[in-house]
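Spelled out from the first residue to the last, the chains are:
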Amino acid sequence: MTINTGRFLRINLSSGKTATESVPEKIARDFVGGRGYGIKYLYDELAPNVDPLGEDNKLIILNGVLAGTSAQAASRWMVCTKSPLTGAFARSVCGADFGAWLKFAGYDFIIIEGKAKKPVYIHMTKDSCQILDASELWGKDTKETQEWLKEHHGSNSRAACIGPAGEKLVKYAGIFSDRRTAGRCGTGTVMGSKNLKAITITAQRNVQHHDPEAYKQLAREQVEVIREDRAFQFHKEWGTTCTQDITNEIGIYPVKNFRYGQQVGYEKITGAEYRKFRTGGIGCYSCPANCGKVHKVLEGPYAGATSEGPEYESIWVFTGSIDSTSIEASILADQLCDDLGMDTISAGNAIGFAYELYERGILSKEDTDGLDLSYGNHASMIALIKKIGLREGIGDILAEGVVRAATAIGKGAEAYAMHVKGLEIPAYDPRGTKGMGYNYATSSIGASHCYGYARQDVFGAIEPRMTDRFAEVENADIVIYNQDGTAWKETGVICAFAVGWGWVNNFFGKLLAAARGIDEFADNDYLQRVGERIYTLERLFNIREGFGREQDTLPQRILTEPLHTLEAPGEGQIVSHRDEFLDRYYQLRGWSKEGVPTPERLKELGLTDV
Ligand code: SF4
């Protein structure tokens, strides 16, 4: 029986050595688990300025305290490392079963160090860890890789792997488990740089808690609350495949590389239209939502394409970015990114960037290997995805991410690179949801909507209060509330969607306490402080890497070019008070004018040793 667990496994690919270690009591109390352990160990163990793709970078793969248990929507897992895309702290979250299996093997996390001399994969059980030859796997896509691993290690195994994009060091390659992805920040690129193709775990369900009776009762009550919750029911019905119905309506659906906030011909890509292609739904371990809606194309030039998705971000990036209304093309594009093993947001954003450069004459057909990148041409998008994943021709440049691609292309291309700290911007135009925009600007990893999702702006959430989505400085406290709230919930690691299902405030902390036997975890104020501690340590990591106030910003387009919509209220908006916002945000966080946490605030947070 695995007692929930306090142990981790260190695997050094250079030496081939493995060792099981325990998490000290103080770290367990101060950082709880999941993302807390991720930044704590990365900060302590990574020397400043290491090459993200060098032997000295580390890959930390973590589940949350509640993984592999009867708690709902709490078995996701994450990867923390130094990002090769941004050079900053990276955390990327994934679903499916792998986090639960890691817990069944008896671990809260694994730290992967060094670099194998030739392609390898790791096979773990409760009692063993082997580093095995992966020459048969190298070159296989993510689906083929997982099928091979199941064949060789049995149906009771679960894997996380990279595809060809990770092997070829596409800067935004992800780590995949089933068809779910730790997609952002190039986590798969780091894995590829270590010659590590996959990690597979064979284990049986077996987690025990500090107080099993209390845990069982809390989990039962959590199920009852969730079952009655309208947001859960909506999510179960639709996943995120109709979020575009909301974002297009309110004018924040980015079109043509963030020039417009609404799409002409939008009625062809509504949630109801996507539903016509749906063949089923797939979920993560211990979650009844089955939000991964599977779509299949039955006829036309893309017949046969099938994908667990596209979910909202991928719907957007394969339609709005290139001004296409082809659902069929978006399904194939999503499938190809999953097969090749790369982040749809960064890949699609880079493609949207290339289409704008083509329209402006900065790229010509000679530069694009003969591809016509005129808006609406989805066949060229499909071709570009393959080129990026295999680093062929123009794809080799776009595989570097928009910042490096812009530098390589020159001719003023930088002005059209839509990123924050080097991470490509996702599917919410910051001019129409400034809470999301400032979350992007100040997030530890760059432009991530998940880092502090502005539910108040997008969905009208009323906690902790309602917001005016065009307000800036006034909502600095809400940006912090969302960011720190996400950080403590990711000690879980609970699903970002499940946060809106009405159970978190009453049950999350109590479940943590029953699992681990640390009573303080039942106090939400204690957890909010943990979230701030995590966020602050991530900030210190980034400061050590050379980031500061100057990088807490948004692209020039967002700061100077008015948003255009067809009929939404955001017409003409820009983000215009960055400096005042940062002053207020830093002040509320207890950071200096330069964005550095003050010694007093570090003392309050118990971070005096950094
Ligand atoms: S809501 Fe979806 S992503 Fe979240 S845990 Fe459930 S199935 Fe996974």
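Residues numbered from 1 in each chain as written. Predicted model: local features only at pLDDT ≥ 70, side-chain atom pairs only at ≥ 80, totals over all residues. Heavy atoms only, no water.

Visitor: Give a description of the pairing of strand S9 (residues 129-133) that names residues and reports values.
Guide: With five bridges joining them, strand S8 (residues 120-124) and S9 adopt antiparallel strand pairing. When the bridges of S9 are listed, Ile 122 appears paired with Ile 131. As consecutive antiparallel partners, S8 and S9 are separated by four residues. (Pairing = 2+ DSSP bridges. Helix = DSSP H or I, 4+ residues; strand = E, 2+ residues; numbered from the N terminus.)

Visitor: Give me the site of the ligand: which residues, what numbers.
Guide: What surrounds the ligand is the set Arg 76, Arg 180, Gly 283, Cys 284, Cys 287, Ala 289, Cys 291, Cys 495, Phe 497 and Trp 501. Its residues assigned to classes, the shell around the ligand shows seven nonpolar, one polar and two charged. (Near = heavy atom within 4 Å. Nonpolar A, V, L, I, M, F, W, Y, C, P; charged D, E, K, R; others polar.)

Visitor: I'd love a proper account of helix H23 (residues 578-589), names of residues and values included.
Guide: One turn of an α-helix holds 3.6 residues; hence residues three or four places apart share an orientation. The end-to-end C-alpha distance of H23 is 16 Å, a good match for the 16 Å that twelve residues give at a rise of 1.5 Å each. Gly 590 sits one or two positions beyond H23 and adopts a positive phi of about 80°. (Expected span 1.5 Å × (residues − 1).)

Visitor: Tell me about the packing of helix H13 (residues 344-359) against helix H14 (residues 378-390), and name the residues and values.
Guide: Remark: H13 packs on H14, axes separated minimally by 11 Å, with the N-to-C direction vectors making an angle of 120°. In this view, H13 runs oblique relative to H14, as classed from their interaxial angle. Relative to H14, H13 is oriented so that their crossing is right-handed. Touching Ala 347, Ile 351 and Tyr 355 of H13 are Ser 380, Met 381, Leu 384, Ile 385 and Ile 388, all from H14. (Axes fitted to C-alpha atoms, helices over the stretch in contact; angles between N-to-C directions. Parallel < 35°, antiparallel > 145°, perpendicular 65-115°, else oblique. Left-handed = near helix turned anticlockwise from the far one by under 90°. Contact = heavy atoms within 4.5 Å.)

Visitor: Tell me what's going on with the nonpolar core, and back it up with residues and numbers.
Guide: Most often, soluble globular proteins keep nonpolar side chains buried together rather than apart. Ranked by internal contacts, the top residues of the largest apolar core, which has 151 residues, are Leu 66, Met 342, Phe 353, Met 381, Ile 385 and Trp 503. In terms of residue count, the dominant contributor to this core is H13 (nine residues). One finds Ile 61, Trp 77, Ile 162 and Ala 182 within the second-largest nonpolar core, a separate group that totals 34 residues. (Core = buried A, V, L, I, M, F, W, Y, C linked by side-chain atoms within 4.5 Å. Buried < 20%, exposed > 50% of the residue type's maximum accessible area, 1.4 Å probe, protein only.)

Visitor: Tell me about the sheet that holds strand S2 (residues 7-12), residues and numbers included.
Guide: The six strands lie next to each other as S3-S2-S7-S4-S5-S6, forming an open sheet whose pairing is mixed. Each edge of the open sheet is held by one strand with a lone partner, namely strand S3 (18-22) and strand S6 (89-94). On average, each strand axis in the sheet is tilted by 20° relative to the strand beside it, whichever way the strands run. Across four bridges, strand S4 (residues 59-63) lies against strand S7 (residues 109-113) in antiparallel orientation. Bridge pairing in S7 places Leu 59 opposite Ile 112.

Visitor: Summarise the packing of aromatic side chains; cite the residues concerned and give the values.
Guide: Under the criterion given, the structure shown has 26 aromatic pairs. Aromatic side chains Tyr 121 and Trp 148 sit 5.8 Å apart centroid to centroid with 85° between the ring planes, which places their arrangement in the edge-to-face category. Of this pair, Tyr 121 sits in strand S8 while Trp 148 sits in helix H4 (residues 142-153); the two residues are 27 residues apart in sequence, bridging distant segments of the chain. With 5.9 Å between their ring centres and 5° between their planes, Tyr 453 and Phe 459 make a pair best called stacked. Sitting over the ring of Trp 101, Arg 158 keeps its end group 4.1 Å from the ring centre. Sitting over the face of the ring of Trp 238, Arg 278 holds its NZ or CZ atom 5.8 Å from the ring centroid. (Phe/Tyr/Trp six-rings, centres within 6.5 Å; stacked < 30°, edge-to-face > 60°. Lys NZ or Arg CZ within 6 Å of the ring centre and 35° of its normal.)

Visitor: Could you give me a rundown of helix H16 (residues 402-409), with the residues and numbers involved?
Guide: For H16, the full list of buried residues reads Val 402, Ala 405, Ala 406 and Ile 409. For H16, the angular spread of buried residues about the axis comes to 100°, placing them on one side. Counted as exposed and oriented over 90 degrees from the buried face of H16: Thr 407 and Ala 408. The inward-facing, buried residues of H16 abut H13, helix H15 (394-398), strand S18 (419-420) and strand S19 (423-424). Just past H16, the residue Gly 410 takes up positive phi, approximately 70°. (Arc of directions from axis to C-beta.)

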